[in-house]
Amino acid sequence: MLPLVGLAAAPEMVPGIPVARALQATAGAGFLLYCLVVFGLLVARWRLRAGATATDPSAAGREDLAAVDRP
């Protein structure tokens, strides 16, 4: 019965709603920052790999497997 009373009340009257909205906004901003950092790291990785491949193909870790000595 108590949840139904909470639904009938205006959102401004419920004491936890402003706090919940602030936490949701903070979590959204944190997730956006996380996504931007991951995107930046991926771009940096791609640029470093592209630079290594342009100067030396073996530097990118793509050695010819046929040239590997076998016992």
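Parameters and conventions
- Residues numbered from 1 in each chain as written.
- Predicted model: local features only at pLDDT ≥ 70, side-chain atom pairs only at ≥ 80, totals over all residues.
- Heavy atoms only, no water.
- Helix = DSSP H or I, 4+ residues; strand = E, 2+ residues; numbered from the N terminus.
- Buried < 20%, exposed > 50% of the residue type's maximum accessible area, 1.4 Å probe, protein only.
- Areas by Shrake-Rupley, 256 points an atom, 1.4 Å probe, with all protein chains shown as cover.
- Patch = residues over 30% accessible without salt bridge, like charges linked within 9 Å, V, L, I, M, F, W, Y side chains within 5 Å.
- Salt bridge = Lys/Arg side-chain N within 4 Å of Asp/Glu carboxyl O.

*Asks:* Please explain the overall build of the protein as it appears in this structure.
*Replies:* Secondary structure assignment for the protein yields two helices and zero strands. Considering the protein as a whole, with its 71 residues, one finds that 0% of them fall into the buried category. Roughly 6,500 Å² of accessible area belongs to the protein as shown, and the carbon and sulfur atoms make up 71% of that amount.

*Asks:* What's the story with a nonpolar patch on the surface in this structure? I'm lost.
*Replies:* On the surface, a nonpolar cluster with roughly 540 Å² of combined accessible area is contributed by Phe31, Tyr34, Val38, Leu42 and Trp46. The residue phenylalanine 31 is located in helix α2 (residues 17-55) in this model. On the accessibility criterion, phenylalanine 31 (54% relative accessible area) is exposed.

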